[in-house]
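Next come the chains, spelled out residue by residue.
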Amino acid sequence: DVKVTQSSRYLVKRTGEKVFLECVQDMDHENMFWYRQDPGLGLRLIYFSYDVKMKEKGDIPEGYSVSREKKERFSLILESASTNQTSMYLCASSPEGGRFWKTQYFGPGTRLLVL
Amino acid sequence: AQSVTQPDIHITVSEGASLELRCNYSYGATPYLFWYVQSPGQGLQLLLKYFSGDTLVQGIKGFEAEFKRSQSSFNLRKPSVHWSDAAEYFCAVNTNAGKSTFGDGTTLTVKP
């Protein structure tokens, strides 16, 4: 069974804090993704990674960075959290490699509140 | 650029009734097509996908979808809805360049 896990379901952080969101997949997938989901704006891609230590910006990378030191783990970092980063964050992975992914499998999401 | 339209923001059906959720896409070639379901506070779960071949695809939880190239549609259906099907449903399109576009979602309410 496909399994994508996210380290926290809910997080509350203060403005200016450095925030780490962790995602792990156990399916040996090459591609991993971070999205944020907001009412009225849908799902928006923040970053994706198609290999260890490789990353590419998505549609809204500003204010975020990522780290992929191991194939199974993809971290999203908010260098200095701001209230407009309050959102639902979804991690996904894809078995199809490279930049030509097709199917995405999602984790349960992390709901982040920045005060 | 590709786009996905889910015309119905909210649909209400009675338990046991049939369901059809609409999805229209815009893309120059045949895309890869997906339906996902999201329960409140949860991530997206893949229901089914279409890449090529038989245009009627079967998914999990008794769902099916039909790809109609002439109508640029990929509608999701279920013959008999259960109360547990209440959730938000997303149609998604992926091109062969790895670009994913999601619809805005359709919220399904199931009446007892």
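Up top you'll find the structure we're talking about.
Position numbers for residues start from 1 in each chain and track the written sequence from start to end. All chains are assigned letters beginning at A, and all ligands numbers beginning at 1, according to the order in which they are written. Restriction of local features to residues with pLDDT of at least 70 applies here, the model being predicted, together with a cutoff of 80 or more for giving and counting side-chain atom pairs; totals for whole chains, interfaces and linings are based on all residues. Note that the side-chain values use all heavy atoms of the structure and ignore hydrogens as well as water.

**Student:** Hey, could you go over the interface of chain B and chain A for me, with residue numbers and the actual values?
**Tutor:** Between chain B and chain A, the contact holds 20 residues from the first and 18 residues from the second. By convention in these notes, a salt bridge is any Lys or Arg side-chain nitrogen within 4 Å of a carboxyl oxygen on Asp or Glu. Across the contact surface, chain B and chain A share zero salt bridges. Per the convention used, a helix needs a DSSP run of H or I reaching at least four residues, while a strand needs a run of E reaching at least two, with both numbered from the N terminus. Counting residues per element, the ones that place at least two in the side of chain B that touches chain A are β5 (32–38), β6 (44–50), β10 (87–94) and β11 (100–102) of chain B. Counting residues per element, the side of chain B that touches chain A draws most heavily on β5 of chain B, at four residues. Ten residues, namely Ala, Val, Leu, Ile, Met, Phe, Trp, Tyr, Cys and Pro, are considered nonpolar, four, namely Asp, Glu, Lys and Arg, are considered charged, and the remaining ones, Gly among them, are considered polar. In the side of chain B that touches chain A, the residues fall into nine nonpolar, nine polar and two charged. Residue contacts are counted whenever heavy atoms from the two residues lie within 4.5 Å of one another.

**Student:** Run through a nonpolar patch on the surface, naming residues and quoting values.
**Tutor:** Residues form patches when they are more than 30% accessible in relative terms and have no salt bridge. Like charges link within 9 Å. Nonpolar side chains (Val, Leu, Ile, Met, Phe, Trp, Tyr) link within 5 Å. Each accessible area is a Shrake-Rupley estimate made with a 1.4 Å probe; only the visible protein chains count as cover when residues are assessed. A surface patch of nonpolar side chains, about 270 Å² in accessible area, is lined by Val12, Leu113 and Leu115 of chain A. Its place among the elements puts valine 12 of chain A in strand β2 (residues 10–13).

**Student:** Which residues make up the pattern of salt bridges, and what values do they have?
**Tutor:** Tallied over the entire structure, the rule returns nine salt bridges over all chains. Residue arginine 36 of chain A is joined to aspartate 38 of chain A by a salt bridge in which the shortest nitrogen-to-oxygen separation is 2.8 Å. Summarising the burial analysis for this pair, arginine 36 of chain A and aspartate 38 of chain A share the class buried. Arginine 77 of chain B is the partner of glutamate 66 of chain B in a salt bridge, and the nearest nitrogen-oxygen pair spans 3.2 Å. In this pair, glutamate 66 of chain B sits in strand β8 (residues 64–68) while arginine 77 of chain B sits in strand β9 (residues 73–78), placing the two residues eleven residues apart along the sequence. Exposed residues in this analysis have more than 50% of their type's maximum accessible area, buried residues have under 20%, and partly exposed residues fall in between, with area computed by a 1.4 Å probe over protein chains only. The partly exposed category is assigned to glutamate 66 of chain B, whose relative accessible area is 22%. Residue classification places arginine 77 of chain B among the partly exposed residues on the basis of a relative accessible area of 22%.

**Student:** Which residues make up unusual backbone geometry, and what are the values?
**Tutor:** The phi dihedral of lysine 53 of chain A falls on the positive side, at around 65°, and the residue is not glycine. Following the sequence through the fold, lysine 53 of chain A ends up in the loop between β5 (42–51) and β6 (54–57). The class of lysine 53 of chain A is exposed, set by a relative accessible area of 57%. We note that serine 72 of chain B has phi near 50°; this positive angle belongs to a residue other than glycine. Along the chain, serine 72 of chain B falls in the loop between β8 and β9. Using a relative accessible area of 24% as the deciding quantity, one classes serine 72 of chain B as partly exposed.

Purely spatial values, then, with no claim about function.
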